[in-house]
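In case you want the letters, here they are:
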Amino acid sequence: MQCDWLYNELLGTVNDYTERGILEPEEESAARQILKDLQTGIYLAASKTELDLNRLRKITGQAS
């Protein structure tokens, strides 16, 4: 899934910035939490969209 790729890319950037001393430990922790929250939100939105599509398919009589 594209979300996994983006999450790993952004996490790699956080790791890089931390290793280079650009981010302080508190900033690193906050950035990691933000990324995790974004990933969770995207997964929830994708799940809801899939549920909505399945419901619409049932209503219209289309196979999934």
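Analysis parameters
- Residues numbered from 1 in each chain as written.
- Predicted model: local features only at pLDDT ≥ 70, side-chain atom pairs only at ≥ 80, totals over all residues.
- Heavy atoms only, no water.
- Helix = DSSP H or I, 4+ residues; strand = E, 2+ residues; numbered from the N terminus.
- Rg over C-alpha atoms; globule rule 2.2 N^0.38 Å.
- Buried < 20%, exposed > 50% of the residue type's maximum accessible area, 1.4 Å probe, protein only.
- Salt bridge = Lys/Arg side-chain N within 4 Å of Asp/Glu carboxyl O.
- Axes fitted to C-alpha atoms, helices over the stretch in contact; angles between N-to-C directions.
- Parallel < 35°, antiparallel > 145°, perpendicular 65-115°, else oblique.
- Contact = heavy atoms within 4.5 Å.
- Phe/Tyr/Trp six-rings, centres within 6.5 Å; stacked < 30°, edge-to-face > 60°.
- Lys NZ or Arg CZ within 6 Å of the ring centre and 35° of its normal.

Notes on the overall build of the protein chain
Along the backbone of the protein chain there are 2 helices and 0 strands. The C-alpha atoms of the protein chain give 18 Å as radius of gyration, which overshoots the globular expectation for 64 residues (11 Å, by more than 25%). Along the first, second and third principal axes, the C-alpha set of the protein chain runs to 55 × 15 × 5 Å. Burial statistics for the protein chain: of 64 residues in total, 14% are counted as buried.

A closer look at the pattern of salt bridges
For the structure on display, the rule yields 4 salt bridges. In this structure, Arg 20 and Asp 16 form a salt bridge, with 3.1 Å as the shortest nitrogen-oxygen distance. Residue Glu 28 is joined to Arg 32 by a salt bridge in which the shortest nitrogen-to-oxygen separation is 3.0 Å. Of the two residues, Glu 28 and Arg 32 are both situated in helix H2 (residues 25-60); the distance of 4 residues between them amounts to about one turn of the helix. Its relative accessible area of 29% is what places Arg 32 among the partly exposed residues.

Some details on the packing of helix H1 (residues 2-19) against H2
Relative to each other, H1 and H2 sit at 180 degrees, their axes nearing to 10 Å. Considering the angle they form, H1 stands roughly antiparallel to H2. Contacts between H1 and H2 involve Cys 3, Asp 4, Tyr 7, Leu 10, Leu 11, Val 14, Asn 15 and Thr 18 from the first element and Glu 28, Ala 31, Arg 32, Leu 35, Lys 36, Gln 39, Ile 42 and Tyr 43 from the second.

Focus: the side chain of Glu 28
By relative accessible area, Glu 28 is classed as buried at 18%. If we ignore the near neighbours within four places in the chain, the residues touching Glu 28 are Val 14, Thr 18 and Leu 23.

Things to note about the environment of Asn 15
Its location among the elements puts Asn 15 in helix H1. A residue is classified by how much of its surface remains accessible, and Asn 15, at 27% relative accessible area, is partly exposed. Separated by 17 residues in the primary sequence, Asn 15 and Arg 32 place their C-alpha atoms 9.4 Å from one another.

Notes on the packing of aromatic side chains
Applying the stated criterion across every chain yields a total of 0 aromatic pairs. Its guanidinium or amino end placed over the ring of Tyr 7, Lys 36 lies 5.6 Å from that ring's centre, counting from NZ or CZ.

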